[in-house]
Amino acid sequence: MITLQELRLGYGSGPDVLVVHEAMELPEHALISLIGPNGGGKTTLLRCAAGLLKPRGGTVRLRGEPLYGPGAISRDRRARVMAVVLTETVFPAYLRVRELVSLGRLPYGGRDSDAAIQRALAYTESEYLARRYVGSLSDGERQRVMVARALAQEPEILLLDEPTSHLDPPHQTALFQLLRCLVESRVIETAVIATHQLHLALYFSDLLVLVNRSVRQGTTTELTESGAVAATFAPHTNLGLDTHRGWFVPEAPLQS
Amino acid sequence: MKTSLPLRLIMLVPVLAASVLLALVLGSVPLPPKDVLVALFASVSPGEEFSLATVIVQQVRLPRVLTAAGAGGALALAGLLMQTVFRNPLAGPGVLGVNAGAGLGVAFVILAGVGAGLAAPTVTAAIAGAMAVLVVVMIVHQVVQQPVVVLVLGLLFGYAASAITTILLAGSAVDGLERYVQWSFGSFALAPGAGPLTLLLATLVITVPLTVVAPRLDALLLGSSYAESLGIHAQRLERTLLLTAGVLTGIVTALTGPISFLGVAVPHIARGYLHTSRHRLLVPTTVLIGAILAILADLLARLPGSEATLPLNAVLAVLGVPVVLIVVLRPRQGGVQT
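One structure accompanies this document, and this report is about it. Keep in mind that what you see is a predicted model, and the values were worked out from it rather than measured.

### Structural notes on empty space enclosed by the protein
All names here are of chain A. If you walk through the whole model with that rule in mind, you get two cavities of 30 Å³ or more. As a volume, the second largest cavity reaches approximately 40 Å³. Lining the second largest cavity are L4, M24, L26, L34, L45, L46, A49, L159 and V192. In terms of residue count, helix α1 (residues 42–49) provides more of the lining of the second largest cavity than any other element does, three residues in total.

### A few points about the sheet that holds strand β11 (residues 214–219) of chain A
Residues and elements named next belong to chain A. Read across the open sheet, the six strands follow the order β7-β8-β9-β4-β10-β11; overall the sheet is mixed. Every interior strand has two partners, whereas the edge strands, β7 (82–85) and β11, have only one. For this sheet, the mean angle separating the axes of adjacent strands, direction not counted, is 15 degrees. By the bridge criterion, five bridges tie strand β4 (residues 30–35) to strand β9 (residues 190–194) in an arrangement that is parallel. Within β9, the residue paired with S33 across the bridge is I193. Packing against the sheet, α1 makes contact with β4, β7, β8 (157–161), β9, β10 (207–212) and β11, and its axis sits at approximately 155 degrees to β8. Set on the sheet, helix α6 (residues 169–184) makes contact with β4, β8 and β9; between it and β4 the angle comes to about 140 degrees.

### Remarks on a nonpolar patch on the surface
Taken together, the side chains of V148(B), V152(B), L155(B), L156(B) and Y159(B) define a hydrophobic patch exposed on the protein surface, amounting to about 510 Å² of accessible area. Residue class for L155(B) comes out partly exposed when judged on its relative accessible area of 41%.

Cut-offs used in this document
Residues numbered from 1 in each chain as written. Chains lettered and ligands numbered in written order. Predicted model: local features only at pLDDT ≥ 70, side-chain atom pairs only at ≥ 80, totals over all residues. Heavy atoms only, no water. 1 Å grid on protein atoms, 1.4 Å probe; cavity = no way out; pocket = protein on both sides within 12 Å on 5 of 7 lines; lining within 4 Å. Points joined across faces, edges and corners; volume = space filled by probe spheres on them. Helix = DSSP H or I, 4+ residues; strand = E, 2+ residues; numbered from the N terminus. Pairing = 2+ DSSP bridges. Axes fitted to C-alpha atoms, helices over the stretch in contact; angles between N-to-C directions. Contact = heavy atoms within 4.5 Å. Patch = residues over 30% accessible without salt bridge, like charges linked within 9 Å, V, L, I, M, F, W, Y side chains within 5 Å. Areas by Shrake-Rupley, 256 points an atom, 1.4 Å probe, with all protein chains shown as cover. Salt bridge = Lys/Arg side-chain N within 4 Å of Asp/Glu carboxyl O. Buried < 20%, exposed > 50% of the residue type's maximum accessible area, 1.4 Å probe, protein only.

Right under this line is the structure:
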C-alpha cells in the first residue's frame, strides 16, 4: 500500500505539474488505473509513487515507511517491493531478451533467478523471444518484454506507464487481463497503470484515479456515473463519454 | 562458427602476447625472437656488460609496448564507460574536454620554457590541465545532474581550453610551437620512467572492480530511471564512471599526447566481436582489444626496417576506420548502438 499526502510535484525549476491537497491511497489487492488528459500529470504521479521523483512538498509512504527524505526505505528494499514499466525507449542492441529480463533480479543479487525469469516470460507470453536481441524486437514485443523484466523483480506493487501504447488490440486486453489475474491470485498486491485505454481501464480496474493537475479517486462505477470521468477529459467540448464503450462521442449528431 | 563468449575473450590473450612479441622483435633493428626472450629476462646490474639486444628490448621497445598496451586499454575502457553513461554510441574519452585540458597544461609549460622534450614537467602540467577540466565538468554534473548537459559542457570546456591553448601558442617561439605539435601527434615512445608500468597497472586495477559491478552497468543501459528502480544509485554510479574515465584519459594523454579514435572505436569493435552489450565480458574484451590495436598501430607507425616514423594518430585512423566500418555496416541488426 502506498499513501501520498499533500503532494506538490514538478520538475527542475518549472511550475508545479500536480498539486494534491488531500491524502491519497493506492491500496492492496486492487488494479488501479490513472486516467486523464495529456499533460495532466499521470506520469509524474506514477514516477513519484515509484520512488523516482522526489516531491517538492508532501510525503509518500510505502506501508508506513517514507519513500523520500530522512529515514527513507533503502533502495534495495524498495526495488524488491516495487517495479516499474516506463515509457523510456533507450535500448541496447546486443542484449538478449533473457538477459534484459534477468536484470530484474539485480535487487536480489541474482538469487532464484531462473525460475523467476521463466515465470515472467511465461506470464507475458514471450518465452519464444528469449534468445532474440532486444534491438531486433518490434515496439510491441519490446513492451511486453519490459513488462516481463518488471515481473522478474517479483514486486508487490507494479507501476506501469502506458504499457499498452505499442500493443495490438488483443495484446492490450491481454495485458490488462494479466494484471487483473496477477492481482486476484495475489502474485502482486497492487497494480497501478497510467493509461489512455479508457475502455480497458473502465472494464478491468477496481479503482480509478482521475489526474488532471489535481487528483480525484474513486471506484469505477462511482466516477463514471457521476460524470467525473468525462469532466476530467473534456470539460469544455461538446463530446460526451459513452460509459459502456469507454469512448467519447459528439453529443449533438454530426451535421451533414 | 559458434564460440562461447568467455572463450572469445580468452582467445584474445594469445593475440595480445603475439602482438607484444612482434612489437619487440620488429623495428629499425630486427631482433630474432630468441634474443628478445633472452633479453627480456636478462638482469641488468650496473657495471656489467650487456648485449645490444638487452638495451633495445629493455630500455626502448618494452617501455613503448607497455605504454601502448596501457594507453590503448585505458582509452578503450574510458570510451566504453562514456558510451554506457551517456547511452550514446558516439561518446568517447574526448567529450569531457579532458584531452583539451591536458593540451592547455602542456602549452603553459612550453610557454614558460620549463623543461625540454617530454620530461616530467610536461606530464605534470598535462595531468593538472586534464584534472582541472575534469573537476569543472564533475561540479557541473553535480549541479545539473543531466548527462546530456555534461556532454555539451564537456565539449564547450574542451573548445575553450583549445582556444586558450591556441592563443598561448600564437605568442610562443617557433621551437615551442614545434614541441607542442610534436606532443599533439601522439606517441607511445615518450612516457618517462615509471610511467608505462604505472599506466598498465592502473588499467588492470580498474578493470577488476568494473567487472564486478558489471550488471549495474548493464542496468544503466536502460536509462537512469530504470537503474534507480532496480535499487541502483544511478547518479552516484554515473559520477564514479565519469570520474574513472576522466582520470584514465587524463593520465594517458599526459603520457602519450592526445590519442584519438581508439576510445570511440574499440568499444564498437568489442561489441561486434562478442555480440553482447553485457559489461562482464565487454569490459575486459574492450581493454584487450584496445591494447592489441594500440600495439599494432604503434608497430606500423614505426615502419619496421626503416628509420622513419609516421604520426601515431594517422596510423590509428587508417588502421581503425575500415575495421569499424566492417563491424558497423555488417547487415545484421544492431548497427551503431551501445
